[in-house]
Each structure stands twice: as structure tokens, then as C-alpha cells.
Amino acid sequence: VQRCLAALPAELAAGIYDRAVSDCLAIATHRHGCCVLQRCLDHAPAPHREEIIGEVVRLAPKLVVDPFGNYVVQYILDLRQPPLTHAIVQALRGGFAELSLQKFSSNVIEKCLTSGDPSLPPLSPISPHLSPIGASSRATRPQSRWSPTS
């Protein structure tokens, strides 16, 4: 599929781009699919690229906790376009502290902090559900919407 994206003219690859939008979660969270989605972002004409990015942003809370999906979100952050960074930050708003403690999402949070636009408002304060390290057990925290099993 990646070679097709590189070789086919945009009008012939349109079906691949449409499928990338409609099945974005399944593709982004697949070992090889995450690379296919990144190539879609590289080769798609602007309208298709914007649709794919919009779907990735919408799914960002699920993708950042996934071993493969987090790479797709990082890829968009690596574009270093302030509106895209802002959209991802907004999609993850309220979960930065907890996401920064998880294996895959912590890489995304770091990229959000390093590729951000200095004109953006500061991130929300640390979640009231998180205690200082060692102060309480993990079992006392409420169930999170950022859990990788959700």
C-alpha cells in the first residue's frame, strides 16, 4: 500500500485516502497500518490530508495510549504547524498529567510540550486525582478515560 501511495496519481489513490479516514482507528493502531497512515499524510492532496488529520485529532485520546497509534499523533506534531499542535493539545486537554505517566502517551505529551506554539495558553493544572509520587496507591484513583484498555 505504501508503494502504491508513492506511485499512484492522487485521483487513483483517493480510495485509499477515503479508507484511511473511515478506518482510521483500525489502521493507526496496526503495526504496519500506522506507517501506511503516515504515508497517506505524506502523499495525499490537501483536502484528503485535512480529513485524515481531522480524524487523527478526533481519535487522539485513544491513539496516544496505543503502541502504534501514538506514532501517528507524533507524526502530526512533527509537522510543527501550530494549529495542528493546538488541536491535539485541545483533544488531550485535562489528561496531560496522567498521560505523561503512561509508556506510549508520555512520548506524545513530550512532543506537545516541545513543538507547541508559545502564543498558546498554558496547559490546565495537574489533575486533582493525582497525588505526589508515593502518597497513595494507584488503586485509589478513579477510573480514567485515558486508560489504554478503554
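Going by the structure above, here's the rest.
Scope of this entry: the structure provided in the associated data block. (Residues numbered from 1 in each chain as written. Predicted model: local features only at pLDDT ≥ 70, side-chain atom pairs only at ≥ 80, totals over all residues. Heavy atoms only, no water.)

## Details of helix H2 (residues 10-22)
Reasoning step 1: For H2, built from 13 residues, the straight-helix expectation of 18 Å at 1.5 Å per residue is met to within 8% by its first-to-last C-alpha distance of 18 Å.
Reasoning step 2: Taking the largest bend as the criterion, H2 deviates by roughly 25 degrees, centred on Ile 16.
Reasoning step 3: Along H2, the residues classified as buried are Ala 13, Ala 14, Tyr 17, Ala 20 and Val 21.
Reasoning step 4: Here the buried face of H2 lies against helix H1 (2-7), helix H3 (24-28), helix H4 (33-43) and helix H5 (46-63). (Helix = DSSP H or I, 4+ residues; strand = E, 2+ residues; numbered from the N terminus. Expected span 1.5 Å × (residues − 1). Bend = angle between axes of the 7 residues up to and from the residue. Buried < 20%, exposed > 50% of the residue type's maximum accessible area, 1.4 Å probe, protein only. Contact = heavy atoms within 4.5 Å.)

## Brief notes about the side chain of His 48
Reasoning step 1: With respect to the helices and strands, His 48 occurs in helix H5.
Reasoning step 2: Given the relative accessible area of 16%, His 48 is considered buried.
Reasoning step 3: What His 48 contacts, discounting residues up to four positions off in sequence, is Ala 14, Tyr 17 and Asp 18.

## Description of the packing of H4 against helix H6 (residues 69-77)
A packed helix pair is summarised by two numbers, namely the angle formed by the two axes and the spacing between the axes.
Reasoning step 1: Two elements in contact, H4 and H6, have axes whose closest approach is 9 Å; the angle formed by their N-to-C orientations is 25 degrees. Relative to H6, H4 is oriented roughly parallel. Note on packing geometry: the crossing formed by H4 with H6 is right-handed. Contact residues: Cys 34, Leu 37, Gln 38, Arg 39, Leu 41 and Asp 42 in H4; Tyr 71, Val 72, Tyr 75 and Ile 76 in H6.
Reasoning step 2: For the contact of H4 with H6, the class distribution of residues is seven nonpolar, one polar and two charged. (Axes fitted to C-alpha atoms, helices over the stretch in contact; angles between N-to-C directions. Parallel < 35°, antiparallel > 145°, perpendicular 65-115°, else oblique. Left-handed = near helix turned anticlockwise from the far one by under 90°. Nonpolar A, V, L, I, M, F, W, Y, C, P; charged D, E, K, R; others polar.)

## Observations regarding the pattern of salt bridges
Reasoning step 1: Taken as a whole, this structure holds four salt bridges when the rule is applied.
Reasoning step 2: Arg 58 serves as the salt-bridge partner of Glu 55, at 2.6 Å between the closest nitrogen and oxygen. With Glu 55 and Arg 58 both in helix H5, this residue pair falls three residues apart, about one helical turn. (Salt bridge = Lys/Arg side-chain N within 4 Å of Asp/Glu carboxyl O.)

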